[in-house]
Amino acid sequence: MLIETYEVEVFTPPCEPGAERFSAVARLTVDISDVLPYLNATLRGAIYLPEAKALTWKKGGHNIAFHAYEIATSNVEDRDGAEKELRGLIKLVNRTWERRAEITPDTTTRQRPTPMAIYKLLPNTNCKQCGEPTCYTFALKLAASQKKLADCPPLSEPQYAEKRAALEEIVIETPAM
Ligand code: SF4
């Protein structure tokens, strides 16, 4: 196991006193830099910054950052949720490290797709089936990981198969931990 001991701190960001959102940080006693290329290879939408030995990722609207001696999550609704998510991230790191022989590490730095790049691949019918007033609003939320491709039913229709495939290549969707 890579991470065996750590300390967890849950707090409200100082820039938002009284805010109803929480952040949590796990301070580690081991350097997890070597696992970052494996996480980069397996976490869809992760952004790896090799010089900084850091990897950022979005999961369900939460901002997650892995550093050499620290894992952090922010923008979580409640204190328990922040702590639970952090413990899930630690399990994810340990599982990924244990499976590293099966994973080809990836040291490239990807760019997040812009809302406009996503919008160009949507059906652009403004049909509202996703619950949004326009396809562009949906694109904004998809880029921010607040919506999933599956929330746009027309994308499952055969005439949009090519666009759907292109979106699957670029859109950030996070798997369950
Ligand atoms: S369901 Fe899809 S096509 Fe319809 S408005 Fe939403 S994004 Fe556009």
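Each remark here, short or long, concerns the structure printed above.
Residues numbered from 1 in each chain as written. Predicted model: local features only at pLDDT ≥ 70, side-chain atom pairs only at ≥ 80, totals over all residues. Heavy atoms only, no water.

Draft legend 1. Expanded view of the nonpolar core. In terms of nonpolar packing, the biggest core is built from 29 residues, with Leu39, Phe66, Ile71 and Val93 touching the most fellow members. Listing elements by their share of this core, those giving two or more residues are strand 2 (22-28), helix 1 (36-42), strand 4 (54-59), strand 5 (62-67), strand 6 (70-76) and helix 2 (79-98). Take this core: its biggest share by element is 7 residues, from helix 2. In contact with Phe66, not counting residues within four places along its chain, are Leu36, Leu39, Leu43, Lys53, Ala54, Leu55, Trp57, Ile71, Leu89, Leu92 and Val93. (Core = buried A, V, L, I, M, F, W, Y, C linked by side-chain atoms within 4.5 Å. Buried < 20%, exposed > 50% of the residue type's maximum accessible area, 1.4 Å probe, protein only. Helix = DSSP H or I, 4+ residues; strand = E, 2+ residues; numbered from the N terminus. Contact = heavy atoms within 4.5 Å.)

Draft legend 2. Expanded view of unusual backbone geometry. Of note in this structure, Asn124 is not a glycine but carries a positive phi near 60°. Following the sequence through the fold, Asn124 ends up in the loop between helix 3 (115-119) and helix 4 (135-143). A residue is classified by how much of its surface remains accessible, and Asn124, at 33% relative accessible area, is partly exposed. At Lys128, a position not held by glycine, the phi torsion is positive, near 75°. Summarising the element assignment, Lys128 is placed in the loop between helix 3 and helix 4.

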